[in-house]
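Secondary and tertiary structure notes
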Amino acid sequence: CEIRHLYSADYMFVARLISNTTGEITDERVLDMIIERKHIQDLAACLIAPSKKYRPLSFFEAQMHKLRTCGISKKLFLMEGDEEKDPAFFYGAQSQMEKVRRLKRVKTMRMQIHAGLWPGVDLMCTRNKRDT
């Protein structure tokens, strides 16, 4: 496993051919899948945070734009947690109205991906990091 900074997602897979004699990498191939992972709390925050580089988009919209245009054909948005069941999802909300708005933002994002607003991006939801 190797960790590198990726421009458009959290995970990318690379197959390597390693020489039996020298142990050196002789060939690398990027596999045709990329994954952006977000926990529901992070997702709620990035849905309203402005993008610094891609104004006037939100941070989330900028991430989705980069994901869609990355050149990899299989794109997966992995959403960890359940906003309905995780009490930590509402941590920091100042009012009941803020809780309602936070919940609506995440549910709207789910519906947008399912409806094809972000073509080519599939949504996978897991209960938590361990389930992922």
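Structure: above.
Here the structure is a predicted model, which is why all the values come from computation and not from measurement.

1. As for the packing of aromatic side chains
Per the stated rule, a full pass over the model turns up three aromatic pairs. Ring plane angle 75 degrees and centroid distance 5.0 Å describe the contact between phenylalanine 89 and phenylalanine 90, whose orientation is recorded as edge-to-face. With a relative accessible area of 22%, phenylalanine 90 lands in the partly exposed category. What links up through ring pairs into an aromatic cluster is the set Phe60, Phe77 and Trp118. We note lysine 66 situated over the ring of tyrosine 7; from NZ or CZ to the ring centre the distance is 5.0 Å.

2. A few points about the sheet that holds strand β3 (residues 74–80)
Hydrogen bonds between backbone groups are what pair the strands of a sheet, and the pairing can be parallel or antiparallel. The strand order across the open sheet formed by four strands is β1-β2-β3-β4, and the pairing between neighbours is mixed. With partners counted over all chains shown, the strands left at the sheet margins are β1 (11–18) and β4 (121–126), one partner each. On average, adjacent strands in this sheet sit at an angle of 30 degrees to one another, irrespective of strand direction. The sheet contact formed by β3 and β4 spans six bridges and is parallel. Paired with methionine 79 across the bridge in β4 is cysteine 125. Sheet strands touched by helix α2 (residues 59–68): β2 (25–39), β3 and β4. Its angle to β2, the strand with the most contacts, is close to 150 degrees. Along the sheet, helix α3 (residues 96–115) makes contact with β3 and β4, crossing β4 at roughly 135 degrees.

3. Some points on the nonpolar core
By size, the foremost hydrophobic cluster in this structure holds 20 residues, and its most contacted members are Leu43, Phe60, Met64, Phe77, Met79 and Met109. Looking at which element gives the most residues to this core, the answer is helix α1 (residues 40–46), with four residues. For methionine 79, the contacting residues outside a window of four places in its chain are Lys38, Ile40, Leu43, Val106, Met109, Arg110, Leu123, Met124, Cys125 and Thr126.

4. Quick look at the pairing of β1
The pairing of β1 with β2 spans seven bridges and is classified as antiparallel. The residue bridging valine 14 from the neighbouring strand is valine 30, located in β2. Taken together, β1 and the strand that follows it, β2, pair antiparallel across an intervening segment of six residues, in which glycine 23 is found at a positive phi of about 75 degrees.

5. Comments concerning unusual backbone geometry
In this chain, arginine 55 is followed by proline 56 through a cis amide linkage whose omega measures 5 degrees. Here proline 56 lies in the loop between α1 and α2.

6. Thoughts on a nonpolar patch on the surface
Together, Tyr11, Phe13 and Leu31 make up a nonpolar patch on the protein surface, roughly 270 Å² of accessible area in all. Within the fold, tyrosine 11 resides in strand β1.

7. Some words on the environment of threonine 21
Locating threonine 21 in the fold gives a position in the loop between β1 and β2. Looking at threonine 21, its side chain comes within polar contact range of the side chain of serine 19, at 3.0 Å.

Calculation rules
Residues numbered from 1 in each chain as written. Predicted model: local features only at pLDDT ≥ 70, side-chain atom pairs only at ≥ 80, totals over all residues. Heavy atoms only, no water. Phe/Tyr/Trp six-rings, centres within 6.5 Å; stacked < 30°, edge-to-face > 60°. Buried < 20%, exposed > 50% of the residue type's maximum accessible area, 1.4 Å probe, protein only. Lys NZ or Arg CZ within 6 Å of the ring centre and 35° of its normal. Pairing = 2+ DSSP bridges. Helix = DSSP H or I, 4+ residues; strand = E, 2+ residues; numbered from the N terminus. Axes fitted to C-alpha atoms, helices over the stretch in contact; angles between N-to-C directions. Contact = heavy atoms within 4.5 Å. Core = buried A, V, L, I, M, F, W, Y, C linked by side-chain atoms within 4.5 Å. Patch = residues over 30% accessible without salt bridge, like charges linked within 9 Å, V, L, I, M, F, W, Y side chains within 5 Å. Areas by Shrake-Rupley, 256 points an atom, 1.4 Å probe, with all protein chains shown as cover. Salt bridge = Lys/Arg side-chain N within 4 Å of Asp/Glu carboxyl O. Polar contact = N/O pair within 3.5 Å; in protein donor to acceptor, adjacent residues only side chain to side chain.

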